[in-house]
Amino acid sequence: MNILPGLSSSDSIEAFYSKGIKEVYAGFYDSVSEKKWPVAFNTINRRGEGGSFFGLKAFSAAAVKAEKYGMSVYVVFNVNYTARQLPWILKSIKQISKFPAVKGLIINDINLILLLRRQKYSKKIIISTLGANLNAYAAAFYQNLGASGIVLDRQLTALEVLSIVKKFPEMRFEVFFLMADGCFFIDGYCSSLHVQETDKSKRYDLSVQSTLCMDMFRGLGQKKQANKFDCKKMLPYKCNICSLYHLRKLKNITVKIPNRTITNSDGISIIDSVLKIEKELEKRNITFEKFRSFCGRFLYE
């Protein structure tokens, strides 16, 4: 199964390569865009300043290193842009697309899609989840505009994903594996949507929702705690872990890890978790119901 993690630092490339990662996605911004449209406000892309490369020099170093390791890079320009932003966006796309490692873009702005089509952009166009990719009609619409791939909406079930993917075997589909940041909302803007009350303090805590899921996959919890893990009771969102049961054998499915704000070690831990779950599913003769009930145990046995 193909796994697509976000790349925030050149230092992560060797570690990703050691896990068999062949593709990554990354953000880009520079001093010009930062002065006019600060990336922290998701005005250039949704990876933010912590998940994007600042300046062409830093991006160039990462792209050259990725090429050395035979790793493909997809660059995100995945928000909607104003007319004032488009000249900078198009110039940046031209600059970063010169690197051989860059195989395509992840975008959603219809105006940008049409402009790139008019300019006969030669690399791949992947439609971001902000393209509202909820069904096969959306996939057909974007395919007619020249898209070669779709990032499916985070709220789709595995069966809904299957119904779309099987109709377009020639297209690439990316499915979020949400244990990285715990956000399944279609807009993907991480802010007050993550807030919930803690049981002890009764105060709102931005970290609670992600921590519940990350504790299991970072290995911070004890085995006895993992055995008690029940996603229906503990998580206020679906993490998509159980979708691997249905999707792992599809050749045009890529598991996408939305690691915008986590560290390199956490990213590697998540990749290890995906690989371990896939290995266990191949090894064990297990029903979907049992897997859904005890998927957390696989990581501690």
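In this text the structure is predicted, and so the values were computed from the model without any measurement. (Residues numbered from 1 in each chain as written. Predicted model: local features only at pLDDT ≥ 70, side-chain atom pairs only at ≥ 80, totals over all residues. Heavy atoms only, no water.)

Student: Describe in detail the sheet that holds strand 7 (residues 149-151), supporting the description with residues and values.
Tutor: By definition, the strands of a sheet pair up through backbone hydrogen bonds, in either a parallel or an antiparallel sense. Ordered in space as 1-11-8-7-6-5-4-2-3, the nine strands form an open sheet in which the pairing is parallel. For this open sheet the edge positions go to strand 1 (2-5) and strand 3 (52-54), each flanked by a neighbour on one side alone. Taken over all neighbouring pairs, the strand axes of this sheet differ in orientation by 30 degrees on average, direction set aside. Packing of helix 6 (residues 110-118) onto the sheet brings it into contact with strand 4 (72-77), strand 5 (102-107) and strand 6 (124-127), and relative to strand 5 it is tilted by some 145 degrees. (Pairing = 2+ DSSP bridges. Helix = DSSP H or I, 4+ residues; strand = E, 2+ residues; numbered from the N terminus. Axes fitted to C-alpha atoms, helices over the stretch in contact; angles between N-to-C directions. Contact = heavy atoms within 4.5 Å.)

Student: Give me the pairing of strand 4: which residues, what numbers.
Tutor: Taken across its six residues, strand 4 has six buried, putting it largely inside the fold. In strand 4, alternate side chains face the same way, and those of Ser-72, Tyr-74 and Val-76 on one face and Val-73, Val-75 and Phe-77 on the other are all buried. With helix 5 (residues 86-96) bridging strand 4 and its parallel neighbour strand 5, the resulting β-α-β unit is right-handed. (Buried < 20%, exposed > 50% of the residue type's maximum accessible area, 1.4 Å probe, protein only. Right-handed = clockwise from strand over helix to strand, strands pointing away.)

Student: Which residues make up the nonpolar core, and what are the values?
Tutor: In this structure, Phe-59, Val-75, Phe-77, Leu-105, Leu-112, Leu-152 and Phe-173 are the most contacted members of the largest nonpolar core, which totals 71 residues. Contacts of Leu-152, omitting those with residues within four sequence positions, involve Thr-129, Asn-133, Val-161, Ile-164, Val-165, Phe-173, Glu-174, Val-175 and Phe-176. One finds Tyr-74, Ile-106, Ile-126 and Phe-176 within the second-largest nonpolar core, a separate group that totals eight residues. (Core = buried A, V, L, I, M, F, W, Y, C linked by side-chain atoms within 4.5 Å.)

Student: Which residues make up the environment of Asn-135, and what values go with them?
Tutor: The topology assignment puts Asn-135 in the loop between strand 6 and helix 7 (136-144). Taking the relative accessible area as the measure of exposure, Asn-135 reaches 35% and is therefore partly exposed. Along the chain, Asn-135 and Ser-163 lie 28 residues apart, while their C-alpha atoms are 8.4 Å from each other. Within polar-contact distance, the side chain of Asn-135 engages the backbone nitrogen of Tyr-137 at 3.1 Å. Of note is the side chain of Asn-135, whose polar atom sits 3.0 Å from the backbone nitrogen of Ala-138. (Polar contact = N/O pair within 3.5 Å; in protein donor to acceptor, adjacent residues only side chain to side chain.)

Student: Let's hear about the side chain of Asn-252: which residues, and what values?
Tutor: Inspection of the secondary structure assignment puts Asn-252 in the loop between helix 12 (244-247) and strand 11 (253-257). Note on Asn-252: relative accessible area 16%, which makes it buried. Within the local environment of Asn-252, its side chain forms a polar contact with the backbone oxygen of Phe-168, the two atoms lying 3.3 Å apart. Polar contacts involving the side chain of Asn-252 include one to the main-chain carbonyl oxygen of Met-171, which spans 3.1 Å. For Asn-252, the contacting residues outside a window of four places in its chain are Val-165, Phe-168, Pro-169, Met-171, Arg-172 and Phe-173.

Student: Kindly report on the pattern of salt bridges, identifying the contributing residues and their values.
Tutor: Oppositely charged side chains may form a pair once their charged atoms are brought near each other. Using the criterion set out here, one finds five salt bridges in the structure. In this structure, Lys-65 and Glu-14 form a salt bridge, with 2.8 Å as the shortest nitrogen-oxygen distance. You can see Lys-65 sitting in helix 4 (residues 56-68) and its partner Glu-14 sitting in helix 1 (residues 12-18), a full 51 residues away along the chain. For Glu-14, a relative accessible area of 33% puts it in the partly exposed group. One salt bridge in this structure joins Glu-174 and Arg-172, with 3.0 Å as the shortest N-O distance. (Salt bridge = Lys/Arg side-chain N within 4 Å of Asp/Glu carboxyl O.)

Student: Report on the packing of helix 5 against helix 6, specifying residues and quantitative values.
Tutor: The description of two packed helices rests on the angle between their axes and on the distance between the axes. Running from N to C, helix 5 and helix 6 point in directions that differ by 50 degrees, and their axes come no closer than 12 Å. The angle between helix 5 and helix 6 places the two elements in the oblique class. Once helix 5 is placed against helix 6, the crossing between them reads as right-handed. Contacts from Leu-86, Ile-89, Leu-90 and Ile-93 in helix 5 reach Asn-111, Leu-112, Leu-115 and Leu-116 in helix 6. (Parallel < 35°, antiparallel > 145°, perpendicular 65-115°, else oblique. Left-handed = near helix turned anticlockwise from the far one by under 90°.)

Student: I'd love a proper account of the packing of aromatic side chains, names of residues and values included.
Tutor: The relation between two aromatic rings is expressed through the spacing of the ring centres and the mutual angle of the planes. Scanning the entire structure with this criterion turns up eight aromatic pairs. Taking 6.2 Å as the distance between ring centres and 85 degrees as the angle between the ring planes, the aromatic pair formed by Phe-53 and Phe-59 counts as edge-to-face. Comparing Phe-53 with Phe-59 shows no difference in burial state: the two are buried. Each residue in the set Phe-28, Phe-53, Phe-59, Trp-88 and Phe-99 is aromatic and connected to the rest through ring pairs, giving one cluster. (Phe/Tyr/Trp six-rings, centres within 6.5 Å; stacked < 30°, edge-to-face > 60°.)

Student: I'd like a rundown of the side chain of Lys-65, residues and numbers included.
Tutor: Here Glu-14 takes part through its side chain, which lies 2.8 Å from a polar atom of the side chain of Lys-65. Residue contacts for Lys-65: discarding those within four places in its chain leaves Ser-10, Asp-11, Ile-13 and Glu-14.

Student: Mind laying out unusual backbone geometry, listing which residues take part and the relevant values?
Tutor: With phi around 60 degrees, Asn-42 is a residue other than glycine that occupies positive phi space. By secondary structure assignment, the location of Asn-42 is in the loop between helix 2 (31-36) and helix 3 (48-51). Although it is not a glycine, Lys-120 sits at a positive phi angle of roughly 60 degrees. You can see Lys-120 is positioned in the loop between helix 6 and strand 6.

Student: Tell me about the pairing of strand 6, and please be specific about residues and values.
Tutor: Bridge analysis of strand 5 against strand 6 gives four bridges, and the strand direction is parallel. Paired with Gly-104 across the two strands is Lys-124, which belongs to strand 6. Considered for its hand, the β-α-β crossover made up of strand 5, helix 6 and strand 6 is right-handed. For strand 6 and strand 7, the ladder comprises two bridges, and the chain directions are parallel. Note on strand 7: the bridge partner recorded for Ile-127 is Ile-150. In this fold, the crossover linking strand 6 to strand 7 by way of helix 7 has right-handed handedness.

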